[in-house]
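Analysis of the macromolecular model
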Amino acid sequence: MNKKTIRDIDIFGKKVLCRVDFNVPMSDGKITDDNRIVEALPTIKYIIENGGAAILMSHLGRPDGKVVEKYSLKAVAARLGELLGKEVVMADDVVGKDANAKAAALQSGDVMLIENLRFEAGEEENDKKFVDALAKLGDVYVNDAFGTAHRKHASTYGLAKVLPNAIGFLIEKELKMICDTMENPKRPLVGILGGAKVADKLPIIDKLIDVCDTLIIGGGMAYTFLKAQGYTIGESLVDDSKLEDTKAMVAKAQEKGMELLIPVDFVVSKAIDDVANKMYTKDQNIPEGYMGVDIGKKTTKMFKKAIKSAKTVIWNGPLGVFEQEAFAVGTYKIAKAVTKVKGTTIIGGGDSGSAIINMGLAHKITHISTGGGASLKLFEGKVLPGVDVIENVD
Ligand code: AMP
């Protein structure tokens, strides 16, 4: 890794504009999981303990360039204040009068949070005027928002073009864990991919067929593979425009002699929230009027056997509709199997990360990434724009 980290830049007496990922899950105005705030603490503490003032920036949800009160970061400022044990100055706007006045008054050791970056359309557009308005608030720029490092936004990309810059400790840790593992994995390397959208994950399936010894496919994605193989899938989630692509993936795996595991039985029901009509199929075929909502018992056994032999596991996406307890059994059993692996286990954030955390199994995993999309890009071997744009060490 040849990128400057926060240790390589001068922050003493400086106002450090730091992009963090405070896009936390909220319900009724309350934070339901503060893990992302906790993960940002090392960099924030380093800034204030080394003579800097921290001006923190984040997005929350998708307000699409408008002020939407439910996406305000005020609750985040309050939680951050509790975690740091000190006051966090909250600005009422992003780059307006209040943010400018409060930023100007900051002293070394102070922490300030500006309002949701996505209240301004210029953020996602990486608009130059908005970049300049953000840059006016501080002296140096640190990107520590791994969860948005795959985006080319004003706060994740544009600022590095106009201010001295570095990455923070969270991005450094994520890159080290994921890139080092992908560059030189202990084998067998087993990949597990679940989740809903096959179209989003085709490039990564393609890449993982190249690098993995075994690739397990589960979740809503599996039914497109099964339909393409001629099985009946009832009302299950399917992307008919990707049938040929999945056929090509199966053919590629066969040609390479790698093991591509697709479910052989299912838990099905009449709707994704219909627990009452839950039943098991005896094979890959799903009857009319039913949809696949979880992997079945034979599949779980087959997947567990493959995971047991692994020395490295990478995993993204739940294997069923895990939001319903009745359909979360497959994901849970696979999670348990992953925790028993004697080797490196990496969970690529998003839903599978939450599933592991909610199951109380996080401490048995080598690394749970804070970025679903960003970690997928790294699994795919891609460069993250928010990292690429940072200055190299001399
Ligand atoms: P993704 O964002 O692509 O990782 O997808 C995560 C979502 O996939 C979760 O909300 C799951 O409920 C959903 N999912 C997993 N398995 C299925 C399934 N069999 N049918 C429908 N949705 C599913």
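Our subject in this report is the structure included herewith. (Residues numbered from 1 in each chain as written. Predicted model: local features only at pLDDT ≥ 70, side-chain atom pairs only at ≥ 80, totals over all residues. Heavy atoms only, no water.)

**So, the side chain of E115**
As a reminder, the rule being used: To qualify as a helix, a DSSP run of H or I must reach at least 4 residues; to qualify as a strand, a run of E must reach at least 2; elements of each kind are numbered from the N terminus. Using a 1.4 Å probe on the protein chains alone, a residue whose accessible area is under 20% of its type maximum counts as buried, one over 50% counts as exposed, and one in between counts as partly exposed. Two residues form a contact once any of their heavy atoms are found within 4.5 Å.
Tracing the chain through its elements places E115 in the loop between β6 (111–113) and α4 (121–125). Judged by relative accessible area, which is 3%, E115 ranks as buried. With residues up to four places along the chain from it excluded, the contact list for E115 reads S58, Y71, S72, L73, K74, M90, A91, D92, D93 and V94.

**Some words on the sheet that holds strand β17 (residues 367–368)**
For clarity, the cut-off: Two strands are counted as paired when DSSP detects at least two bridges linking them. Only the contacting stretch of a helix is used when fitting its axis, a line to C-alpha atoms as for every element, and angles between N-to-C directions run 0 to 180 degrees.
Pairing in this open sheet of six strands is parallel, and the strands run β11-β10-β9-β15-β16-β17 from one edge to the other. At either margin of the open sheet sits one strand with a lone partner, and together these are β11 (259–261) and β17. Of the strand pairs in this sheet, strand β16 (residues 344–347) and β17 are connected by two bridges, and their pairing is parallel. Looking at the pairing, I346 lines up with H367 of β17. Contacting β9 (189–193), β15 (312–316) and β16, helix α13 (residues 372–379) runs over the sheet at an angle of about 135° to β15.

**Structural notes on helix α2 (residues 74–84)**
Note the threshold: This arc is taken over the directions from the axis of the helix to the C-beta atoms.
Those residues of α2 that sit buried are V76, A77, L80, G81 and L84. The buried side chains of α2 occupy one side of the element, clustering within an arc of 140° when seen end-on. Looking at the residues trailing α2, positive phi occurs at G85, about 70°.

**Overview of unusual backbone geometry**
A cis amide bond links R187 with the next residue in sequence, P188, at an omega value of 5°. Along the chain, the position of P188 falls in the loop between α6 (169–183) and β9. Even without glycine at this site, D64 takes up a positive phi of about 55°. Relative to the helices and strands, D64 is located in the loop between β4 (53–57) and α2. Of the residues examined, D64 reaches a relative accessible area of 52% and is grouped as exposed. Although it is not a glycine, N126 sits at a positive phi angle of roughly 50°. With a relative accessible area of 24%, N126 lands in the partly exposed category.

**Considering the packing of helix α1 (residues 35–49) against α6**
Selection criterion: We call two directions roughly parallel when the angle between them is under 35 degrees, roughly antiparallel when it is over 145, roughly perpendicular when it lies between 65 and 115, and oblique otherwise.
Where α1 meets α6, the axes come as close as 7 Å, and the angle between the chain directions of the two elements is 130°. The angle between α1 and α6 places the two elements in the oblique class. Where α1 approaches α6, its residues E39, P42, T43 and Y46 are matched on the opposing element by F169, L170 and K173.

**A closer look at the state of the cysteines**
Basically, it comes down to this: Throughout, disulfides are identified as pairs of cysteine sulfur atoms within 2.5 Å of each other.
Applying the stated criterion to the full structure yields zero disulfides. C179 takes part in no disulfide bond, and the closest cysteine sulfur to it belongs to C212, at a distance of 15 Å. Look at C212 and you get buried, because its relative accessible area is 5%.

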